Amino acid sequence: METIIVTPKNKQAIPFLKHLLSNLNDVKSVEVVDAKDNYIAKSIEAGLQEVKEIVSGKRKAKTLKQLLDED
C-alpha cells in the first residue's frame with residue numbers, strides 16, 4: 001500500500017482536511033501525526049528530503065551493494 005503525505009498550510013485546516021479525507025470511499029484511514037514529536041514521521045521526512053536531493057542532483061545515490069554493506 002502506498003502512503004500520501006498531506007501538509008496543510010496551517011493548523012486550522014487540519015480538522016477540515018481530516019473530515020474531508022475520512023468521508024472519501026477510497027481512503028482506508030486518516031491519521032494526524034505531529035512530525036516534530038514522532039520518530040517515524042521524522043525518519044520519513046528525512047528520507048523524502050534525501051530522495052528530493054538525489055533527484056535534483058545535489059546528492060549521489062548509493063548502490064544496492066553499498067546499502068547492503070552498511071552496518
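For the structure itself, look to the data block above.
What this report covers is the structure whose coordinates are included nearby.

How each quantity is defined
Residues numbered from 1 in each chain as written. Predicted model: local features only at pLDDT ≥ 70, side-chain atom pairs only at ≥ 80, totals over all residues. Heavy atoms only, no water. Helix = DSSP H or I, 4+ residues; strand = E, 2+ residues; numbered from the N terminus. Contact = heavy atoms within 4.5 Å. Salt bridge = Lys/Arg side-chain N within 4 Å of Asp/Glu carboxyl O. Buried < 20%, exposed > 50% of the residue type's maximum accessible area, 1.4 Å probe, protein only.

## Some remarks on the environment of Val32
Thinking step 1. Along the chain, the position of Val32 falls in the loop between α1 (13–22) and α2 (39–56).
Thinking step 2. When the C-alpha positions of Val32 and Glu2 are compared, they lie 17 Å apart, and in sequence the two are 30 residues distant.
Thinking step 3. Non-local contacts of Val32, meaning those with residues more than four positions away in its chain, are made with Ile14 and Lys18.

## Things to note about the pattern of salt bridges
Thinking step 1. As enumerated under the stated definition, the model contains four salt bridges in all.
Thinking step 2. Among the salt bridges present, the one from Arg59 reaches Glu53, with a minimum N-O distance of 3.3 Å.
Thinking step 3. With a closest N to O distance of 2.3 Å, Lys62 and Glu70 form a salt bridge.
Thinking step 4. You can call Lys62 partly exposed: its relative accessible area is 48%.
Thinking step 5. Given a relative accessible area of 42%, Glu70 falls into the partly exposed group.
Thinking step 6. One continuous salt-bridge network, built from bridges that share partners, spans Glu50, Glu53 and Arg59.

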